Amino acid sequence: MTVPKSHPRYESLMKRDKLIEAYKSGMVAEAGMIAHGRGEAFDYLLGEETIPEAEEAEMAAASLLLHAKNPVISVNGNVAALCPEALVELANTIPAKLEVNLFYRTDERMKKVIGHLEEHGAKNVLGLKPDAHIPDLEHARGLCTKEGIFTADVILVPLEDGDRALALRKMGKTTIIIDLNPLSRSARAASVTIVDEVTRAIPNITEFAKQLKGQPPLKKFDNEAALRRAIDRITNALFELRCAFGPG
Ligand code: PTJ
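Bringing the site of the ligand into the picture now. In the vicinity of the ligand lie 21 residues, with F103, Y104, R109, D179 and E197 positioned nearest. Note that an oxygen atom of the ligand is positioned 2.9 Å from one of the backbone N or O atoms of G77. The contact in question runs from an oxygen atom of the ligand to an N or O atom on the backbone of Y104, over 2.8 Å. With the chains in place, 93% of the 750 Å² that the ligand exposes on its own is no longer accessible.

What follows is the structure, given as C-alpha cells:
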C-alpha cells in the first residue's frame, strides 16, 4: 500500500504495514496483531508522543543498562518487526546482548526473528538453543539461555506478558518493560515501566545512554509514581475529550 506522507495517520499506517508484512512472513504471531491494536488505543489516548513520565523512565532505563553486569534485551516478534535497526543500535551502544524470547515459540519463528535481526546488523543473537528455564513458567515460554536472560541482572523486555515479567522479577532481576498500557500486569510488575510506543522508546533509550556514558548511576526510579502520573494523563485526556462534547 502507498500511503502519502501527508496522511494524518502516516506513521501509524506504516507501522501496521510493517506488522502485516512480518505476520505474512511468519515472524509476527497472530496475537501480535491484536496486541498492537491494544497498544494503538493507549497511544491514541497519550497523544501519540513520548510523555514526560516515559522520558524519565527511558533515562532511568539507560542508566540501569549502562551500569549492569550482564544487560540483556529480550526480543519478540512485534519488536523485531517494528524496529530492528534501533534494537541493534541500542545493543551496540550499551553494549547489551540480544536474546529472542517468544511467547508463541516455534523453531521456525525463532529463526525468522534472529535472521531478521542479523539482516539489520545484529551479531551473536541468543535464544535459538536454550539451555536454561525461567522458574515457574510453564512450557516454551520459560526457555532461555544461561549466557543471556537466565543470568541477566538487568533485562529490557518490550511488550512483555504479565506472567513472564513477574517470573523475571521473582528471579531478582531488574526489569525494564515497554508497554503503552500502564494498567497491565507487566507494567505494574516492572522495576521501570516505559509507557511509550516501542519505536519511540528504543531510540530514546539509546540517546540517553550516549549522554549518560561514564556518569554515575541515576537515583532509584519511582515506578509507582510514574505509573500514577501516566494514568492521570489518560484520565485527563478522556475528561478533556468528554468536555469537548459539551454538557448533556
Ligand atoms: O512474538 P511473541 O510470540 O513473543 O508474542 C508477542 C505478543 C505481543 C503477542 C505477546 O507478548 C502478548 O500476547 O503480549 P500481550 O500480553 O498482549 O501484551 C502486549 C502489551 O504491549 C499490551 O499491553 C499493549 O498495550 C502493548 N503494546 C502493543 N504494541 C505496542 C505496545 N507497547 C508499546 N509499543 C507498541 N508498539
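Here strand 6 (residues 174-178) lies mainly inside the structure; 4 of its 5 residues are buried. Here strand 5 (residues 154-158) runs beside strand 6; their pairing, made up of 5 bridges, is parallel. Each bridged residue has a counterpart across the sheet, and for L156 the counterpart in strand 6 is I176. Two strands pair when backbone bridges link them, and strand 6 and strand 7 (residues 192-194) are joined in this way by 3 bridges, in the parallel orientation.

Calculation rules
Residues numbered from 1 in each chain as written. Predicted model: local features only at pLDDT ≥ 70, side-chain atom pairs only at ≥ 80, totals over all residues. Heavy atoms only, no water. Near = heavy atom within 4 Å. Polar contact = N/O pair within 3.5 Å; in protein donor to acceptor, adjacent residues only side chain to side chain. Areas by Shrake-Rupley, 256 points an atom, 1.4 Å probe, with all protein chains shown as cover. Buried < 20%, exposed > 50% of the residue type's maximum accessible area, 1.4 Å probe, protein only. Helix = DSSP H or I, 4+ residues; strand = E, 2+ residues; numbered from the N terminus. Pairing = 2+ DSSP bridges.

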